[in-house]
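Coordinate analysis (summary)
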Amino acid sequence: MTAVTLRHRAVPLWAVVALGGAAWLVAWFVNLPAADWLAYDALGLERGSHLGDAVAFFLYDAPKVLLLLAGVVTLVSFLRSFVSPERVRHALVGRGILPGTVAAAGFGVVTPFCSCSAVPLFIGFVEAGVPLGVTFAFLVASPMVNEVALVLLWGLFGPWIALAYMTAGLAVAIVAGLVIGRLGLERYVEDYVWKIRAGGAIGEVRPTLEERVRDAWLSTVDIVRRVFPFVLAGIAVGALIHGYVPTELVVAVGGRDNPLAVPALVALGVPLYSNAAGTIPIVEALLGKGLPLGSALAFMMAVTALSVPELVILRRVMKPRLIATFVAVVATGILLVGYGFNLFVA
């Protein structure tokens, strides 16, 4: 695809990309005044009231999050199209334990894999000779420190929180991989996994530049479509917290003075069926109400790395003992991150 047909005229691909980028920038800069006008002028809500602030929060955050997803994830999807699962697999084979674990966690940040692809990836990595601990470092980092989480965190809170989250997530993934690798739990992988040839599970594709651009956009549309309900639900919850939940209550329940705040938030996050896109608006509202950064990061990590749906899918390739160990190690790492940030970050 080198051009797009518009009203029977061929429009170069670069022109379509340029027009799309310009439209994105215009929408980004008019979002805030448009949300304020709609909430306080068109709807006539009182500025500073519970309902007015909640509605304004929702009207501003929903387009903002969707614009971040549509714009930046398209770019990231295009760049990551140069990193295939097959290349990741070959890059991890034959490395030492520590370098391989660090590399696997790093690959997890820039690769598009989620819980839906956990089974074929797990099979492919194991069958390719990638050590179990290295494989787990990848499985932890990929959903936890994914591009959607980093893009939204950067856009909503700035580079410091985004980088802090990435550093903490990578630390959890690396430590989890090293610990699981040392425990010798290979016997708790389902027997059939060792008998499957991975070659047919993950293939190598070499698309053209035009195909990469097209596929990046289609991938973004698919991502936005799948996370859209979670985005709206998360923003709705965040709007209610922003407008109605007293700051004193949030600080009392999740603040530094409550020693059980971090484990309580981790326990709350595990059964939630959501993702980064749906969780970040809630975290945004909680931080605005005074929730410490460590408690907020621990909650988000629990939702993204220890979600029940992913554990159910992984049960197809792991025995309960291995899944329980995985949950215990990752949960411990998340708790340490939460307490550490609450202790050392003002």
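Residues numbered from 1 in each chain as written. Predicted model: local features only at pLDDT ≥ 70, side-chain atom pairs only at ≥ 80, totals over all residues. Heavy atoms only, no water.

1. Quick look at the overall build of the protein
Counting its regular elements, the protein contains 15 helices and two strands. Every one of the 346 residues in the protein was classed for burial, and the buried ones make up 47%. Within the protein, counting contacts between residues at least 6 apart in sequence, those at least 24 apart form 82% of the total. Roughly 16500 Å² of accessible area belongs to the protein as shown, and the carbon and sulfur atoms make up 69% of that amount. (Helix = DSSP H or I, 4+ residues; strand = E, 2+ residues; numbered from the N terminus. Buried < 20%, exposed > 50% of the residue type's maximum accessible area, 1.4 Å probe, protein only. Contact = heavy atoms within 4.5 Å. Areas by Shrake-Rupley, 256 points an atom, 1.4 Å probe, with all protein chains shown as cover.)

2. What about a nonpolar patch on the surface?
On the surface, a nonpolar cluster with roughly 310 Å² of combined accessible area is contributed by Trp37, Leu38 and Leu43. By secondary structure assignment, the location of Trp37 is in helix H1 (residues 13-42). (Patch = residues over 30% accessible without salt bridge, like charges linked within 9 Å, V, L, I, M, F, W, Y side chains within 5 Å. Salt bridge = Lys/Arg side-chain N within 4 Å of Asp/Glu carboxyl O.)

3. Focus: the packing of helix H11 (residues 261-269) against helix H13 (residues 293-305)
Close contact between H11 and H13 brings their axes to 7 Å; oriented N to C, the two are set at 25 degrees. By the angle class used here, H11 and H13 are roughly parallel. Classified by chirality, the crossing of H13 by H11 is right-handed. Here Val262, Leu265, Val266, Leu268 and Gly269 of H11 come into contact with H13, specifically with Ser295, Ala298, Phe299, Ala302 and Val303. In terms of residue class, the contact of H11 with H13 is made up of eight nonpolar, two polar and no charged. (Axes fitted to C-alpha atoms, helices over the stretch in contact; angles between N-to-C directions. Parallel < 35°, antiparallel > 145°, perpendicular 65-115°, else oblique. Left-handed = near helix turned anticlockwise from the far one by under 90°. Nonpolar A, V, L, I, M, F, W, Y, C, P; charged D, E, K, R; others polar.)

4. With respect to H13
If you check H13, its first and last C-alpha atoms are 18 Å apart, about what 13 residues at 1.5 Å a residue would give, namely 18 Å. Counting buried residues along H13, 13 of its 13 residues qualify, which places the element largely inside the surrounding structure. (Expected span 1.5 Å × (residues − 1).)

5. Re the nonpolar core
Phe122, Phe136, Met144, Tyr165, Met318, Phe326 and Val330 are the most contacted members of the largest nonpolar core, which totals 81 residues. With sequence-adjacent residues up to four places away left out, Phe136 is seen in contact with Phe122, Ile180, Met318, Leu322 and Phe326. (Core = buried A, V, L, I, M, F, W, Y, C linked by side-chain atoms within 4.5 Å.)

6. Notes on the packing of aromatic side chains
Enumeration over the complete set of coordinates arrives at two aromatic pairs. Geometrically, the ring pair formed by Phe136 and Phe326 is tilted, given 5.3 Å between the ring centres and 35 degrees between the ring planes. One end of the pair, Phe136, is in helix H6 (residues 132-144); the other, Phe326, is in helix H15 (residues 320-344), and 190 residues separate them in sequence. Residues Phe136 and Phe326 agree in their burial class; the two are buried. (Phe/Tyr/Trp six-rings, centres within 6.5 Å; stacked < 30°, edge-to-face > 60°.)

7. Observations regarding H6
For H6, built from 13 residues, the straight-helix expectation of 18 Å at 1.5 Å per residue is met to within 8% by its first-to-last C-alpha distance of 19 Å. Counting buried positions along H6 gives 13 out of 13 residues, so the element sits mostly inside the fold.

8. A short note on the environment of Leu268
Assignment of secondary structure puts Leu268 in helix H11. Note: C-alpha distance between Leu268 and Val303 (35 residues apart in sequence) is 8.4 Å.

9. Description of the packing of H13 against H15
Each pair of packed helices gets described by two things: the angle between the helix axes and the distance between those axes. For the pair H13 and H15, the least separation of the axes is 7 Å and the interaxial angle reads 160 degrees. With respect to each other, H13 and H15 are oriented roughly antiparallel. The way H13 lies across H15 gives a crossing that is right-handed. Within the contact between the two elements, H13 uses Leu293, Gly294, Ser295, Leu297, Ala298, Met301, Ala302 and Ala305 and H15 uses Phe326, Val330, Ile334, Val337, Gly338, Phe341 and Asn342.

10. Remarks on the side chain of Lys64
Mapped onto the elements of the fold, Lys64 is located in helix H2 (residues 50-80). The contact partners of Lys64, leaving out residues within four places of it in the chain, are Trp28, Asn31, Leu156 and Glu284.

11. Here's the deal with the side chain of Asn31
You can see Asn31 is positioned in helix H1. Side-chain polar atoms of Asn31 contact the backbone oxygen of Tyr60, separated by 3.0 Å. When residues no more than four places from it in sequence are discounted, the contact partners of Asn31 are Leu59, Tyr60, Pro63 and Lys64. (Polar contact = N/O pair within 3.5 Å; in protein donor to acceptor, adjacent residues only side chain to side chain.)

12. What about the confidence of the model for the protein?
Here the protein shows a mean pLDDT of 76. Residues at 70 or above account for 76%. Within the model, pLDDT remains below 50 along residues 1-6, and this stretch shows 15 contacts once partners closer than five positions in the same chain are excluded. Every residue in residues 197-202 is under pLDDT 50, and counting partners more than four places away or in other chains gives eleven contacts. (pLDDT = per-residue confidence, 0-100.)

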